[in-house]
Amino acid sequence: MSLLPELRYPSVPELVACAQALAASEPRLCALRQVGRSRAGRPLHLLSVGHARRSVLVVAGAHANEPAGGSTLRALARRVLAERELRAGTSWHFLLCADPDGAALHVTPAPRSLLDYHLGFYRPTGAEQPEWSPSVLPPDRLPPETRALTGVIDELRPYLQVTLHGTDLGGSWVQLTRDLPGLAEPFAKSAAQLHIPVETGASDAAGWPASGPGVHVMPGPETGVAYPSMPDDARHSTWYRTHRYGGLTAVVEVPMWASDLVDDPAPHPAPAAAIRRLARRLLRDSLEVERVLAEALPRLDGAGGPLLRAARWALELIPGLAEDWTHTAPAGTTMAYVGSVDAFGRRLPLRAAAMLLRVLRESDDRAAPGLERLVAGWSDAFAQRFRARWVPLDHQVEHQSRTVLLAARQAREPACR
């Protein structure tokens, strides 16, 4: 698959314009339609290619701070339209952005560094994330983006849903709601060809069985979770909606910056002690942000909106997570797993600080310069600790695209049906 190098992540309007052009160029094969509206009234668009009953649904933009999926979706739509064999017996459907409101708030289309990325950072609360809201909200309170997504799944009944995610720094991995035998080897080969590490001990999949390096299968409902304090549970997300129709979901993660520290399968000499140290650092860092928030809050006078709400939500997660890390046996014991936990522990307070900084800047608050120095220091320390190297955007797209096509082919096999 040959892709021209891209230098920036496309905005939602750019994705819509591309989809409109594709639909206009091949009206007998393509259709673009609106399938819902966001809480702020932004349209949610679905591009369909082909007319077969058997279908694949590809979802981009479920997390506002993970922009690679939009680039991958655009490349996949063009390829499916160009290559007839990909449409043989299968129609493809592309939800351009599951959270357009969030995408409008995350404003780093071409980040040059982790600091640049965080200066425009936004990630909503769990209840406001389209895929995750069913795990934390009752059905009658689900946001319209979630209802639109589940409506599309119910209509299409895809044999495979692929949701395109990403990480700021780390490696690539896949999360499956049901195993896809044969996926792990070509996935690892693709990552190696593009110099992308495979995140073999992803903390997002802590305690899950693996069908191969970096390919994690979500456990059944009878299995406990690795981090009991975390309010969301993947098994109650929209990812499982496909199971009503005999399908499955693959979540494909790709990094913006790569680190080989998350691809080291060697045993850690003292994983429990290391994670306890990370828990102490997590609490210490969160307290620094809490102090800034407490000092500035009386001056904000209701300012902040979703940015402040998301920052406070991230801070609220930290005490329980630190408790889990301190008193629960590690879900993994490799260098890769401890490295992934280390990265996770840096992300939460850094993201909270970054979103709070945006609020303070918008209010021209006197605490902003000091918090900006903290965000800059933490961003630099994160990059240095993990020896971060930028993954070219066309490599991010290439690897994610290959993995989607691999999953589509493997999921069509009778043994997986």
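Residues numbered from 1 in each chain as written. Predicted model: local features only at pLDDT ≥ 70, side-chain atom pairs only at ≥ 80, totals over all residues. Heavy atoms only, no water.

1. Examining the overall build of the protein
Part 1: Along the protein, the regular secondary structure elements total 11 helices and 10 strands.
Part 2: For the protein, the C-alpha radius of gyration of 21 Å lies close to 22 Å, the compact-globule estimate for 417 residues.
Part 3: Structurally, the protein occupies a C-alpha span of about 60 × 50 × 45 Å along its principal axes.
Part 4: Classification of the 417 residues of the protein by burial places 58% in the buried group.
Part 5: Accessible area of the protein: about 16,700 Å², with a carbon and sulfur share of 53%.
Part 6: Here the protein holds 46 positive side-chain charges and 44 negative ones, and the gap between their average locations is 3 Å. (Helix = DSSP H or I, 4+ residues; strand = E, 2+ residues; numbered from the N terminus. Rg over C-alpha atoms; globule rule 2.2 N^0.38 Å. Buried < 20%, exposed > 50% of the residue type's maximum accessible area, 1.4 Å probe, protein only. Areas by Shrake-Rupley, 256 points an atom, 1.4 Å probe, with all protein chains shown as cover. Lys, Arg positive; Asp, Glu negative; His and termini not counted. Charge placed at Lys NZ, Arg CZ, Asp CG, Glu CD.)

2. Some thoughts on the pattern of salt bridges
Part 1: Per the counting criterion, the structure on display carries 21 salt bridges.
Part 2: Where glutamate 83 meets arginine 79, a salt bridge forms, and the shortest distance between an N and an O atom there is 2.9 Å.
Part 3: For glutamate 83, a relative accessible area of 23% puts it in the partly exposed group.
Part 4: Aspartate 260 serves as the salt-bridge partner of arginine 389, at 3.4 Å between the closest nitrogen and oxygen. Here aspartate 260 lies in the loop between strand 9 (248–258) and helix 7 (271–300) and arginine 389 lies in strand 10 (residues 389–390), a separation of 129 residues in the sequence.
Part 5: Judged by relative accessible area, arginine 389 falls into the partly exposed class, the value being 32%.
Part 6: A residue is classified by how much of its surface remains accessible, and aspartate 260, at 46% relative accessible area, is partly exposed.
Part 7: One network of salt bridges, in which partners are shared, links Arg39, Glu128, Glu145 and Arg309. (Salt bridge = Lys/Arg side-chain N within 4 Å of Asp/Glu carboxyl O.)

Read these as spatial facts, not as claims about activity.
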